[in-house]
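Commentary on secondary and tertiary structure
One letter stands for each residue in the lines below.
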Amino acid sequence: MDITFDHVSYTYQANTPMAGVGLDDVSVTIHGGAYTAIIGHTGSGKSTLLQHLNALLKPTSGTVRIGERMITPSTSNKNLHPLRKKVGMVFQFAESQLFAATVREDVAFGPRNFGVSAEDADALAVQMVARVGLPEDVLDRSPFDLSGGQMRRVAIAGVLAMQPEVLVLDEPTAGLDPAGRREMMALFAKLHADGQTIVLVTHQMDDVADFADDVLVMDQGKVVRQGHPKEIFQDAQWLLDHQLGLPRTTQFALRLQQKGFKFDHLPLTTPELAQMLAEQLGGARHE
Amino acid sequence: MNKMILGRYIPGDSFIHRLDPRTKLLATFYYIAVIFLANNWQSYLLATVVTLAIIPVSKVSLRFFLNGLLPVLFLIVFTVLIQVFFTTGGHVYWHWGWLSVTSLGLTNAGFIFVRLVLIIFMSTLLTLTTPSLSLADAVESLLKPLAKIHFPVTEVALMLSIALRFVPTLLDQTTKTMNAQRARGVDFGSGGLFKQVKTIVPLFIPLFVTAFTMADELATAMEARGYRDGYGRTRFRVLRYGRGDLLAAVVLILLTLGLIFLRN
Ligand SMILES: Nc1ncnc2c1ncn2[C@@H]1O[C@H](COP(=O)(O)OP(=O)(O)OP(=O)(O)O)[C@@H](O)[C@H]1O
Ligand SMILES: [Mg+2]
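Residues numbered from 1 in each chain as written. Chains lettered and ligands numbered in written order. Predicted model: local features only at pLDDT ≥ 70, side-chain atom pairs only at ≥ 80, totals over all residues. Heavy atoms only, no water.

What follows concerns the confidence of the model for chain B. All names here are of chain B. Scored by pLDDT, chain B has a mean of 87; 96% of the residues are at 70 or more. At the level of individual helices and strands, chain B shows its lowest average pLDDT in strand β1 (residues 92-96), which scores 80, and its highest in helix α2 (residues 21-34), which scores 94. Every residue in residues 1-6 scores below 50 in pLDDT, and together they form nine contacts with partners more than four places removed in sequence or on other chains. The ipTM value of the predicted complex is 0.87, and its pTM value is 0.78. (pLDDT = per-residue confidence, 0-100. Helix = DSSP H or I, 4+ residues; strand = E, 2+ residues; numbered from the N terminus. Contact = heavy atoms within 4.5 Å.)

We now examine helix α3 (residues 103-113) of chain A. Looking at α3(A), one finds that the buried residues are Val103(A), Asp106(A), Val107(A), Ala108(A), Phe109(A), Gly110(A) and Pro111(A). In this structure, the buried side of α3(A) is in contact with α4 (118-131) and α5 (148-160) of chain A together with α8 (153-183) and α10 (200-224) of chain B. Remark: Gly115(A) follows α3(A) within two positions and exhibits a positive phi of approximately 85°. (Buried < 20%, exposed > 50% of the residue type's maximum accessible area, 1.4 Å probe, protein only.)

Okay, a nonpolar patch on the surface next. All names here are of chain B. Among the surface-exposed residues, Phe 15, Val 57, Leu 246, Leu 247, Val 250, Val 251, Ile 253, Leu 254, Leu 257 and Ile 260 lie close enough to one another that they form a single nonpolar patch of about 870 Å² accessible area. Top element by residues in the nonpolar patch is helix α11 (residues 243-262). It accounts for eight residues. The residue Leu 254 is located in helix α11 in this model. Owing to a relative accessible area of 55%, Leu 254 belongs among the exposed residues under this scheme. (Patch = residues over 30% accessible without salt bridge, like charges linked within 9 Å, V, L, I, M, F, W, Y side chains within 5 Å. Areas by Shrake-Rupley, 256 points an atom, 1.4 Å probe, with all protein chains shown as cover. Salt bridge = Lys/Arg side-chain N within 4 Å of Asp/Glu carboxyl O.)

On to the domain arrangement of chain A, then. Residues and elements named next belong to chain A. Under the domain assignment, chain A is made up of domain 1 (3-246) and domain 2 (247-287). Here the C-alpha centroids of domain 1 and domain 2 sit 33 Å apart. With 10 residues of domain 1 at the contact, the number on the domain 2 side is 10 residues. Across the interface of domain 1 and domain 2, roughly 880 Å² is buried in total on both sides, 65% from carbon and sulfur atoms. Among the residues domain 1 hides against domain 2, the three largest losses belong to Asp 206, Gln 234 and Leu 246. Together they make up 55% of the total. On the surface where domain 1 and domain 2 come into contact, there are one salt bridge. The partner of Asp 206 in a salt bridge is Arg 248, with the nearest N and O atoms 3.5 Å apart. Counting across the interface, domain 1 meets domain 2 through three residue pairs in polar contact (both at pLDDT 80 or more). Within the residue set of the side of domain 1 that touches domain 2, elements represented by two or more residues are α7 (205-211) and α8 (229-232). At four residues, α7 tops the list of elements feeding residues into the side of domain 1 that touches domain 2. A per-class count over the side of domain 1 that touches domain 2 returns six nonpolar, one polar and three charged. (Domains from an automatic or database assignment. Buried area = accessible area lost by both parts, 1.4 Å probe. Polar contact = N/O pair within 3.5 Å; in protein donor to acceptor, adjacent residues only side chain to side chain. Nonpolar A, V, L, I, M, F, W, Y, C, P; charged D, E, K, R; others polar.)

Glancing now at helix α4 (residues 62-69) of chain B. Two residues of an α-helix separated by three or four positions point the same way, owing to the 3.6 residues in each turn. Residue and element names in this part refer to chain B. Burial in α4 covers these residues: Phe 64, Phe 65, Gly 68 and Leu 69. Looking straight down α4, one finds that the buried residues subtend no more than 155° of arc, so they occupy a single side. Each element contacted by the buried residues of α4 is listed here: α5 (73-86) and α6 (103-129). (Arc of directions from axis to C-beta.)

Residue and element names in this part refer to chain A. Surrounding the magnesium ion (ligand 2) are the protein donor atoms Ser 47 (OG) and Gln 92 (OE1), which sit 1.9 to 2.7 Å from the metal. Of the two residues, Ser 47 sits in helix α1 (residues 46-52) while Gln 92 sits in the loop between β7 (87-90) and α3, which places them 45 residues apart along the sequence. Gln 92 gets classed as partly exposed once you look at its relative accessible area, which sits at 33%. (Donors = N, O, S within 2.8 Å, 3.2 Å for Na, K, Ca; no water.)

We now examine the nonpolar core. Residue and element names in this part refer to chain A. The biggest cluster of nonpolar side chains holds 51 residues, and the ones touching the most others in it are Val 107, Leu 167 and Phe 188. If you tally residues by element for this core, the top one is α5, at seven residues. Each residue touching Phe 188, except ones within four places of it in the same chain, is listed here: Tyr 35, Ile 156, Leu 167, Leu 169, Pro 172 and Ile 198. (Core = buried A, V, L, I, M, F, W, Y, C linked by side-chain atoms within 4.5 Å.)

Locating Glu140(B) in the fold gives a position in helix α7 (residues 132-143). Beyond its immediate stretch of four places on either side in the chain, Glu140(B) contacts Val153(B), Thr154(B), Ala157(B) and Arg235(B).

Residue and element names in this part refer to chain A. Neighbouring residues of ligand 1: 14 residues in total, closest Gly 43, Lys 46, Ser 47, Thr 48 and Gln 92. Contact between ligand 1 and Ser 47: an oxygen atom at 2.7 Å from a side-chain N or O atom of the residue. Here His 203 contributes a side-chain N or O atom positioned 3.3 Å from an oxygen atom of ligand 1. Protein chains bury 65% of the 640 Å² of accessible surface belonging to ligand 1 in isolation. The element best represented in the shell around ligand 1 is α1, accounting for three residues. (Near = heavy atom within 4 Å.)

Before going further, it helps to examine the pairing of strand β10 (residues 214-219) of chain A. All names here are of chain A. Summarising burial for β10: six of the six residues are buried, a large majority. Of the two faces of β10, the one holding Asp 214, Leu 216 and Met 218 and the one holding Val 215, Val 217 and Asp 219 are both buried throughout. Inspection of the sheet shows β10 paired to strand β11 (residues 222-227) by five bridges, in the antiparallel sense. The residue of β11 that forms the bridge with Met 218 is Val 223. Hairpin remark: β10 followed by β11, antiparallel, with two residues in the connecting loop; positive phi at Gln 220, about 50°. (Pairing = 2+ DSSP bridges.)

Take the packing of aromatic side chains next. Counted by the stated rule, this structure contains eight aromatic pairs over all chains. Look at Phe99(A) and Phe109(A): their rings are 4.7 Å apart centre to centre, the planes differ by 75°, and that puts the pair in the edge-to-face class. With Phe99(A) in the loop between β7 and α3 and Phe109(A) in helix α3, this residue pair connects regions lying 10 residues apart in the sequence. Here Phe99(A) and Phe109(A) have matching classes, each one buried. Their ring planes at 55° and their centres at 6.1 Å tell us that Phe204(B) and Phe208(B) sit as a pair that is tilted. Pair noted here: Phe204(B) and Phe208(B) are both in helix α10, with a separation of four residues, about one helical turn. Owing to a relative accessible area of 49%, Phe208(B) belongs among the partly exposed residues under this scheme. Arg225(A) extends its terminal NZ or CZ atom over the ring of Trp238(A), reaching a point 3.8 Å from the ring centre. (Phe/Tyr/Trp six-rings, centres within 6.5 Å; stacked < 30°, edge-to-face > 60°. Lys NZ or Arg CZ within 6 Å of the ring centre and 35° of its normal.)

Our focus in this paragraph is the domain arrangement of chain B. Partitioning chain B into structural domains gives domain 1 (1-130 + 238-264) and domain 2 (154-233). For domain 1 of chain B versus domain 2 of chain B, the separation of C-alpha centres amounts to 33 Å.

Moving on, we come to the environment of Ala209(A). Residues and elements named next belong to chain A. Tracing the backbone shows Ala 209 in helix α7. Note: C-alpha distance between Ala 209 and Pro 229 (20 residues apart in sequence) is 6.0 Å. For Ala 209, the contacting residues outside a window of four places in its chain are Phe 233, Pro 247, Leu 268 and Thr 269.

Put into structure tokens, the structure is as follows:
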């Protein structure tokens, strides 16, 4: 299922003196099956763009096409249910959406709303809680007794349980410990390998380099670049000008370049760099 | 969430924006009291003209004032209808059991309508041109004499300003929580009563939890920075009366005199 933006603009608090630009004439396509990363500095409009993916926000002008559904400024708020089922969204600080008495109920809440039977929803809850790496005994505990990182995982499980076609993640690993971050990223990579469309907002350029196959760069409500991470990260100076960083490996390669190493293109991942270095130093093939 | 106009500040730099918040607060209360002096069409006309002359000075579009009427529209209509049907006197136009429409009833209804609209316009003017924190400062400053009788002025003022400060934060949090639950398939504001009541839990529990966490964190942060009580604290925003405040007082006194002169 593709999601296509056609000249979409969005203004916060339109028609008031406090009006602020959220999106400015955005035209992009997010392809079904892709792992799309959205990067951009704080306030560049990433979260605003995400909320158009399941019609939580409707464009002030332009159209968003989500699969077969067209969302225009005049689309009514009714009948968006099927769309919300298809596009699952994990918000920034998702742990603040938990409310139920037990983790089990909270995770089953989404599927129940979309008409899954109580038994099936419960089975999904058990399955998803395991999938996000939580032990089975949290199922019957109150989500409010868990740590912040565990609560985040419960919230993510709650969205996975809806079995969406497109999984949208707004900085899902912010505030997790490094091990937790790696686990979550590995989980998303596995889902993607199984065919899940993923849209990820992140400030971690390493994650972009390691996982994404398409990158949108946002600045002041506009999508200023779209491309494969390989292309996006070649232009180091341009990224720095847009207050963005580089993957650690690419930074390291840049410094090696200043010391006389030659790269015909900058590597993004450690294996890639190791391979290039091995070739230049005249060694054998790096494994 | 953005429809709540009462209590929404519109930034600006007009004469009214620059008035001391104490002046604006007192003037609004004074205006509400003095408007009751009006009792014939001449005095109501004067009050209306003065009010409509003051509003443009704020440079806030009239649309915001009209929006301010919406939340209380029902109240206004209700009051006006009661006046129309239950006041008797003068020429009788229509009569049915308890109900009658008379000339006196119609005039009174008209007067009450004008009075309510004017009062709401003026209170809207206060909230549109004054940040809520300035209002809290004004309340504190005006209550200060009560400290002599051991009324906890600074504590009350602190509570007030914290409460006001967190209204936008909580509204923001409400929007976020509603969005998060919508994404999980909740339809707010549709379906039968039972269905709607059920949507309250997933909205309010997270909100309460966030509010308590915020309160707790704020208290810790304040203690960590040495807050004990308000006595002897200096202030960042110092209130000072200026020439404009004198002018405002003069306008109000002239209005009062005019009303006394015109009423019968
Ligand atoms: N509820 C709102 N009301 C008014 N303006 C808003 C609102 N939410 C966001 N904005 C504005 O819209 C712009 C884009 O915000 P957005 O939240 O999409 O940024 P972001 O790229 O997600 O930033 P971050 O990396 O900090 O999450 C910002 O300038 C912000 O000030
Ligand atoms: Mg954001």
